[in-house]
Number of protein chains: 2
Amino acid sequence: MGNKNNLAAISERTGYSVSTVSRVLSGKAEKYRISAEAIAKVTEEAHRCNYRPNLVAQSLRTRQSQTVGLVVPGIDNPFFATLASVINAQLVQHGYHTLLADSRENPEEEIQAMEMFQDRNVDGIIAVPVAPTPEYHERVSQDIPLVLIDRYFDKTSLSYVCTDNYAGAYMAAKYLADKGYKRILAIQGVPASMPNRERVRGFQDALHERGIENQVRGDAFSVENGRREALAAFSGNPKAYDAIFAFSSTILLGAISALRRLGITEGKDVGVISYDNNGFLDFMNPAVTRVEQPLQEAGEIAVSTLFSFMEARRAGLPHPAPVQQLIRPTLVIRESC
Amino acid sequence: MGNKNNLAAISERTGYSVSTVSRVLSGKAEKYRISAEAIAKVTEEAHRCNYRPNLVAQSLRTRQSQTVGLVVPGIDNPFFATLASVINAQLVQHGYHTLLADSRENPEEEIQAMEMFQDRNVDGIIAVPVAPTPEYHERVSQDIPLVLIDRYFDKTSLSYVCTDNYAGAYMAAKYLADKGYKRILAIQGVPASMPNRERVRGFQDALHERGIENQVRGDAFSVENGRREALAAFSGNPKAYDAIFAFSSTILLGAISALRRLGITEGKDVGVISYDNNGFLDFMNPAVTRVEQPLQEAGEIAVSTLFSFMEARRAGLPHPAPVQQLIRPTLVIRESC
DNA sequence: AGACCATGCACAAACGATTGCGCAAAACAG
DNA sequence: CTGTTTTGCGCAATCGTTTGTGCATGGTCT
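Please read all numbers here as calculations on a predicted model, not as lab measurements.

Engineer: Give me unusual backbone geometry: which residues, what numbers.
Structural biologist: You will see that glutamate 105 of chain A, though not glycine, has its phi angle at about 60°, which is positive. Take glutamate 105 of chain A: it is sitting in the loop between strand 2 (97-102) and helix 6 (107-119). Positive phi values are uncommon outside glycine, yet asparagine 121 of chain B reaches one of about 65°. With respect to the secondary-structure elements, asparagine 121 of chain B resides in the loop between helix 6 (107-119) and strand 3 (124-127). By relative accessible area, asparagine 121 of chain B is classed as buried at 14%.

So this is what it looks like as structure tokens:
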């Protein structure tokens, strides 16, 4: 019934030294040739008092925390929530845990989060970066394994796993063109972010190649932005465009609400297509055709890449070559265009 | 230039002892009457080398971690994602951070998560419990401040902040009744969970009082369950019910997909009403009337309650009386019934 | 019997911060 | 000039682990 529950207590109760107890309980018994008898007594006592090592002390001593920092631009965004879910599940499977941070699309908060991660001795970081330039992340990456996901930087040695936004947007635009749409409006998200830039490129390339009228407006992955831009685009002329490509499902929702307000019926008067994989797109009326990103796969690759870096670090090896991977998204065809 | 960045390094470079440096940098200078000169030199050096305390060591010594554990049944569920977002924001504002865990509706994983929290020395826990009984949580609560949110237990001394699910369901059912619906089907979630039981009670009370036909089916807060139950209920007779009350937005989506498949138009042939506050309900066609829960408020109360417990603990005071609060949800009226 | 090796374990120093206690030197009083 | 107080700071223990090193004991070999 000893109140304390640490190695010292077990040591006292079994008569073996703290070091022996430690070695037994951390599975290093044979490496240090501990007797079968000692092993038996120590493990029994450990079970009896339900010993669990103090991870803080362990972390201080070993400089490992079994913790990975995850920073996203907005955990309330279902897209990032799903990403967090996938990543957390992967980490837990490997015996790691998630220290969560939300940068709220704010570079300063992102930096604060990453400093906090360092202060807390996380073993690695997975980030959806919001900073305009990669310098800070590159600096951190020298000290702590770091993998970017969903967003990345232009010319950088940082590792990332993202979906091929150029290909996705190209597919979507081509699909609209093939369907016969002639004047297509894209409502974009944060203009400086890499996914957005790539989507704009893909969109424009596909339509220029086909000589189809197109325009890009907007500046945020938000419902408000979708609503505002759709209102502005259609309020003068309900037939200003015959299709809308929303760069996120939030934008889509805003745009649809604007269309309805203007008496325009999505899917009939104006075709709509969207980016993102929110399941509810299937339950809208009409169900929304969209570019889906393989989040599960992306999360898995990010985590396994991170682990490979962490392992190299533990082994004292040099940092492996960066992994920079673009996953191909898929076009999910429904009835909205 | 020094490679290390700890108190010892600053101590060496300034010529003051580690203890003095520690006291200066943790703001206890006057308490220990450190000279102005020492304060100046130490803080300057600390800034120069950008000193940041090692939180792991700090945590080991002080038994505080500035960390709160948050366990939810599914971070990919937008409802819990929003909850996590609100709670995390509150915590960060107070200088705390979030250690995240996902029980996936699984009592065993919930226990694992909470043990992990204890091993990592979190200062408090906020949980959406999934266990069938409160015993484990009550035990933990003796060691670590704990506040439940969204779900709670029946007769328990644990603190919780939840929405008044009885009132919410009662409101919704009454609204349907007042609109003239005569045969109402509720599709429920996890039957054993407190919110679900309260919703069933509210639903049945409201309709029994008014002598209106009603039934409750289903067993999970999932799309599949909604779909399955709606199919089963309507496939024999498309007019079996004239309204559906979905106990979550996921259930709603499943039910709607079933209705469409059967050629039944929601809002016209069958009224629908839902629980939950997913913004996209406004963008469905017709927009869905629903019972919304004040998540922001709930999160704030949970966090401030938790902090009050943590403070009492630090001060060595006895655990304050439990806070058990039900917040009234609101009925958001749209066009689906 | 002496040299040698394998065995089984304990000692003590880390990791980096906090903190009770006490020690010098300076200041002051008598 | 001695005794007391104040000022300013350092010593060393502590949190709970991990781990390099070393020391007995007992057995084997020549």
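From this point, things continue past the structure.
Engineer: So what's going on with the protein's contact with DNA strand C? Which residues, and what values?
Structural biologist: Arg23, Ser35 and Arg63 of chain A together with Leu7 and Arg61 of chain B are the nearest of the 30 residues found near DNA strand C. Interatomic distance of 3.3 Å between a backbone N/O atom of glycine 15 of chain A and a phosphate oxygen of DNA strand C. Taking glutamine 58 of chain B, its side chain carries an N or O atom lying 2.8 Å from a phosphate oxygen of DNA strand C. Among the secondary structure elements, those contributing two or more residues to the surface near DNA strand C are helix 2 (18-25) and helix 4 (55-62) of chain A together with helix 2 (18-25) and helix 4 (55-62) of chain B. Classifying every residue of the surface near DNA strand C by side-chain character gives eleven nonpolar, eleven polar and eight charged.

Engineer: Before we move on, can you summarise the protein's contact with DNA strand D with the specific residues and values?
Structural biologist: Lining the immediate environment of DNA strand D, one finds 30 residues, of which Arg61 of chain A together with Ser17, Thr20, Arg23 and Ser35 of chain B sit closest. Close to the protein, within 4 Å, the atoms of DNA strand D belong to sugar or phosphate groups at a rate of 59%. Serine 35 of chain B is positioned with one of its backbone polar atoms (N or O) 2.4 Å from a phosphate oxygen of DNA strand D. Sorting the residues of the surface near DNA strand D by element identifies helix 2 and helix 4 of chain A together with helix 2 and helix 4 of chain B as the ones contributing at least two each. For the surface near DNA strand D, the residue count by class is eleven nonpolar, eleven polar and eight charged.

Engineer: I'd like a description of the interface of chain B and chain A, backed by residues and values.
Structural biologist: Of the residues lining the interface, 39 residues belong to chain B; the matching set on chain A comes to 39 residues. Summing the contributions of chain B and of chain A, the shared interface buries around 3,700 Å²; its carbon and sulfur component is 59%. On the chain B side of the contact with chain A, Asp119, Arg120 and Phe283 of chain B bury the most area, a combined 19% of that side's loss. A salt bridge links arginine 52 of chain A to aspartate 119 of chain B, with the nearest nitrogen and oxygen atoms 2.3 Å apart. Taken together, the connections running from chain B to chain A amount to 16 residue pairs in polar contact (both at pLDDT 80 or more). When residues of the side of chain B that touches chain A are traced back to their parent elements, those giving at least two are helix 4, helix 5 (78-93), strand 2 (97-102), helix 6 and helix 11 (249-261) of chain B.

Engineer: Residue-level account of the relation of the copies chain B and chain A, with values.
Structural biologist: For the pair chain B and chain A, the relating rotation is 180°, the translation along its axis is 0.0 Å, and the fit reaches an RMSD of 0.1 Å. Both chain copies can therefore be described as sitting about a two-fold axis. By C-alpha distance to the rotation axis, the residue of chain B lying nearest is leucine 99 of chain B, at 2.3 Å. A shared interface surface links the copies, since 100% of the contact residues of chain B are contact residues in chain A too.

Engineer: Summarise the pairing of strand 6 (residues 183-187) of chain A; cite the residues concerned and give the values.
Structural biologist: All names here are of chain A. Of all five residues in strand 6, four are buried, a share of seventy percent or more. Running through helix 9 (residues 194-209), the crossover from strand 6 to the neighbouring parallel element strand 7 (residues 213-217) is right-handed. Of the pairings in the sheet, the one linking strand 6 to strand 8 (residues 243-246) comprises four bridges and is parallel in character. If you follow alanine 186 over to strand 8, its bridge partner there is phenylalanine 245.

Engineer: Tell me about the sheet that holds strand 10 (residues 289-292) of chain A, residues and numbers included.
Structural biologist: Residue and element names in this part refer to chain A. Read across the sheet, six strands follow the order 7-6-8-9-10-12 without closing on themselves; strand pairing throughout is mixed. Edge positions in the sheet fall to strand 7 and strand 12 (330-332), since each has one partner strand and no second. Taking the axes of each pair of neighbouring strands and ignoring which way they run, one obtains an average angle of 20° across the sheet. Pairing of strand 9 (residues 271-275) with strand 10 involves three bridges; the strand directions are parallel. Opposite isoleucine 273, over in strand 10, you have threonine 289 as the bridge partner. Along the sheet face, helix 8 (residues 165-178) touches strand 6, strand 8, strand 9, strand 10 and strand 12 and points at about 170° away from the line of strand 9. Where helix 10 (residues 223-234) meets the sheet, its contacts fall on strand 6, strand 7 and strand 8, and the angle it forms with strand 6 comes to roughly 150°.

Engineer: Pulling in residues and values, what's your account of the nonpolar core?
Structural biologist: A general trend in soluble globular proteins is that nonpolar side chains are found buried together. Counting residues in hydrophobic clusters, the biggest one holds 93 residues, and the most contacted among them are Phe234 and Phe245 of chain A together with Phe203, Phe234 and Phe245 of chain B. Those residues in contact with phenylalanine 234 of chain A, other than ones at most four positions away along the chain, are Leu185, Tyr241, Ile244, Leu259, Leu262, Ile264 and Val270 of chain A. Listed in part, the 54 residues of the second largest apolar core include Phe80, Leu295 and Leu306 of chain A together with Phe307 of chain B.

So, how was this worked out
- Residues numbered from 1 in each chain as written.
- Chains lettered and ligands numbered in written order.
- Predicted model: local features only at pLDDT ≥ 70, side-chain atom pairs only at ≥ 80, totals over all residues.
- Heavy atoms only, no water.
- Helix = DSSP H or I, 4+ residues; strand = E, 2+ residues; numbered from the N terminus.
- Buried < 20%, exposed > 50% of the residue type's maximum accessible area, 1.4 Å probe, protein only.
- Near = heavy atom within 4 Å.
- Polar contact = N/O pair within 3.5 Å; in protein donor to acceptor, adjacent residues only side chain to side chain.
- Nonpolar A, V, L, I, M, F, W, Y, C, P; charged D, E, K, R; others polar.
- Contact = heavy atoms within 4.5 Å.
- Buried area = accessible area lost by both parts, 1.4 Å probe.
- Salt bridge = Lys/Arg side-chain N within 4 Å of Asp/Glu carboxyl O.
- Least-squares fit on C-alpha atoms with pLDDT ≥ 70 in both.
- Right-handed = clockwise from strand over helix to strand, strands pointing away.
- Pairing = 2+ DSSP bridges.
- Axes fitted to C-alpha atoms, helices over the stretch in contact; angles between N-to-C directions.
- Core = buried A, V, L, I, M, F, W, Y, C linked by side-chain atoms within 4.5 Å.

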